[in-house]
Amino acid sequence: MDAVIDAVELTKRYRGGARGVTGLTLSVTPGEVFGFLGPNGAGKSTTIRMMLDLLRPTSGHVRVLGMDPRRDGVAVRARLGYVPGDLRLYERLTGRQLLRHMAGLRRMRDLGDGEALAARFDLDLDRPIRALSRGNRQKVGIVQAFMHRPDLLVLDEPTSGLDPLMQREFGRLVRETAAGGGTVFLSSHVLSEVQHLADRVALIREGRLELVSGVEELRSRARSRVEVTFADPPPPGAFDDLPGVVETGREGPRVLLRLEGDADALVKRLGGYTVRALDAHEADLEDVFLSRYEEPR
């Protein structure tokens, strides 16, 4: 199965020493939702811009939909939908006029799914874009990206400005797109969003790819947080010999623990004390993200 996105040793160096991207290699397969995570300045937008030939790599290469974005730029863009992280729209146009303009560029006979998507996101296409709120402008960006049912969606912070109801509707749209065979490359700071939508995620840090993993696999390796309230707190170091358990703090009768892996040994040890309350927070993608970025390289 050919990759929809195939980057090999992709590198971008900026003049003046500003951080870019170094040696990034990843592959995105057809029909998957691929989450691309990292803090501001990590290299996410730089990577996306090289994928779309908005930036030229210093070295390495990337193929999109089996094509070279530089040599085959028109063909790539015809099969691609894009929401940039710094969305800019023609403010003098209405939403409908903008969609007609995009449809013309794509040689579409009509607005495709534009009308239906606008209704789905409660978007008035006949208002001037300059009169729209930030959230409604973001809806215009989403509609123009999805309206022609592209083979690949590249979405950079796509739900910025959307309210929770519209974020949920966007999630449904992404899942429907993937179920229909489309591929979604989703760059986002909304970790809960990526966790519920993505099949795999990549973490990029300081311009270098930190890891690529399935979401469930990543969560299974992450550290859970456990908060135990005792009648009488155990002595310091009571859990130091347990594999995968680290005491991280105490607040009166409460002991805070970090658990990695199986909880069996910890549960048995707690059985030797009077426990008033136990709160275990299952590791999610945010825990993974924070734990990775709090560690030194």
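Please refer to the structure higher up on the page.
Residues numbered from 1 in each chain as written. Predicted model: local features only at pLDDT ≥ 70, side-chain atom pairs only at ≥ 80, totals over all residues. Heavy atoms only, no water.

A.B. asks: Sorry if this is basic, but what is going on with the environment of Leu152 here?
C.D. replies: Position of Leu152 relative to the elements: it lies in strand β6 (residues 152-156). Sequence separation between Leu152 and Asp86 is 66 residues; the distance between their C-alpha atoms is 19 Å. (Helix = DSSP H or I, 4+ residues; strand = E, 2+ residues; numbered from the N terminus.)

A.B. asks: I would appreciate a short explanation of the nonpolar core in the present structure.
C.D. replies: Soluble globular proteins: nonpolar side chains tend toward being buried together. Ranked by size, the top nonpolar core spans 42 residues in total, and within it Phe146 and Leu155 carry the most contacts. Contact partners of Phe146, with chain neighbours within four places excluded, come to Leu117, Leu153, Leu155, Phe170, Leu173, Val174 and Thr177. Of all hydrophobic cores here, the second largest spans 27 residues; its members include Val4, Ile48, Leu52 and Val154. (Core = buried A, V, L, I, M, F, W, Y, C linked by side-chain atoms within 4.5 Å. Buried < 20%, exposed > 50% of the residue type's maximum accessible area, 1.4 Å probe, protein only. Contact = heavy atoms within 4.5 Å.)

A.B. asks: Quick question: what am I supposed to make of the packing of helix α5 (residues 134-146) against helix α6 (residues 164-179) here?
C.D. replies: Relative placement of two packed helices is described by the angle separating their axes and the distance separating the axes. With their axes 13 Å apart at the nearest point, α5 and α6 run at an angle of 10° to one another. Relative to α6, α5 is oriented roughly parallel. For the pair α5 and α6, the contacting residues are Lys139, Ile142 and Phe146 in the first and Met166, Phe170, Leu173, Val174 and Thr177 in the second. (Axes fitted to C-alpha atoms, helices over the stretch in contact; angles between N-to-C directions. Parallel < 35°, antiparallel > 145°, perpendicular 65-115°, else oblique.)

A.B. asks: Whenever I open this one, the sheet that holds strand β3 (residues 33-37) confuses me. Can you help?
C.D. replies: Strand pairing in a sheet takes place through backbone hydrogen bonds and is either antiparallel or parallel in direction. The six strands are arranged β5-β6-β7-β3-β8-β9 in an open sheet whose pairing can be described as mixed. Two strands close off the open sheet at either side, each with one partner strand: β5 (80-83) and β9 (208-214). Between one strand and the next, the sheet's axes are offset by a mean angle of 15°, whatever the strand orientation. Where β6 and strand β7 (residues 183-187) come together, five bridges link them in parallel fashion. Looking across to β7, one finds that Asp156 is bridged to Ser187. (Pairing = 2+ DSSP bridges.)

A.B. asks: I tried to follow helix α3 (residues 95-105) on my own but got confused; where do I start?
C.D. replies: Spacing of three or four residues puts side chains on the same side of an α-helix, whose turn is 3.6 residues. Looking at α3, one finds that the buried residues are Gly95, Arg96, Leu98, Leu99, Met102 and Ala103. Looking straight down α3, one finds its buried side chains confined to an arc of 160°; they lie on one side. Those residues of α3 that are exposed and angled more than 90 degrees off the buried face are Arg100 and Leu105. Packing partners of the buried residues in α3 comprise α4 (114-120) and α5. Among the residues trailing α3, Arg107 stands out with phi positive, at a value near 60°. (Arc of directions from axis to C-beta.)

A.B. asks: Explain the sheet that holds strand β2 (residues 21-28) to me, please; I cannot follow it from the model alone.
C.D. replies: Across the sheet, which stays open at both edges, the three strands sit in the order β2-β1-β4 with antiparallel pairing between neighbours. Of all strands in the sheet, those with a lone pairing partner are β2 and β4 (59-64), marking the two edges. Here the strands of the sheet are splayed against their neighbours by 15° on average, with no regard to which way each runs. Two elements, strand β1 (residues 5-12) and β4, share five bridges in a ladder whose sense is antiparallel. Each bridged residue has a counterpart across the sheet, and for Ile5 the counterpart in β4 is Val64.

A.B. asks: Even after reading the chapter, I still don't get the packing of aromatic side chains, so can you show me in this structure?
C.D. replies: In this description, a pair of aromatic rings is defined by centroid distance and the angle of the planes. This structure, assessed with the given rule, holds five aromatic pairs. Where Phe146 meets Phe170, the ring centres are 6.4 Å apart and the plane angle is 90°; that geometry is what we call edge-to-face. Remark: Phe170 occurs in helix α6 and Phe146 occurs in helix α5; sequence separation between them is 24 residues. Phe146 sits in the buried class, given a relative accessible area of 5%. Judged by relative accessible area, which is 0%, Phe170 ranks as buried. Aromatic pair Phe230 and Tyr273: ring centres 5.8 Å apart, planes at 80°, arrangement edge-to-face. You can see Phe230 sitting in strand β10 (residues 223-230) and its partner Tyr273 sitting in the loop between α9 (264-270) and β13 (275-281), a full 43 residues away along the chain. Of the residues examined, Phe230 reaches a relative accessible area of 2% and is grouped as buried. (Phe/Tyr/Trp six-rings, centres within 6.5 Å; stacked < 30°, edge-to-face > 60°.)

A.B. asks: Would you mind going over the pattern of salt bridges with me for this structure?
C.D. replies: Pairing between side chains becomes possible if they bear opposite charge and their charged atoms approach one another. Overall, the coordinates contain 19 salt bridges when judged by the stated rule. The salt bridge involving Arg200 is made with Glu32; its shortest N-O contact spans 2.7 Å. Linking Arg200 in strand β8 (residues 200-205) with Glu32 in the loop between β2 and β3, this pair joins segments that are 168 residues apart in sequence. Of the residues examined, Glu32 reaches a relative accessible area of 6% and is grouped as buried. Where Arg120 meets Glu176, a salt bridge forms, and the shortest distance between an N and an O atom there is 2.9 Å. Of this pair, Arg120 sits in helix α4 while Glu176 sits in helix α6, and the two are 56 residues apart along the sequence. Judged by relative accessible area, Arg120 falls into the partly exposed class, the value being 27%. Several salt bridges converge on common partners, so that one network encompasses Arg120, Glu169, Arg172 and Glu176. (Salt bridge = Lys/Arg side-chain N within 4 Å of Asp/Glu carboxyl O.)

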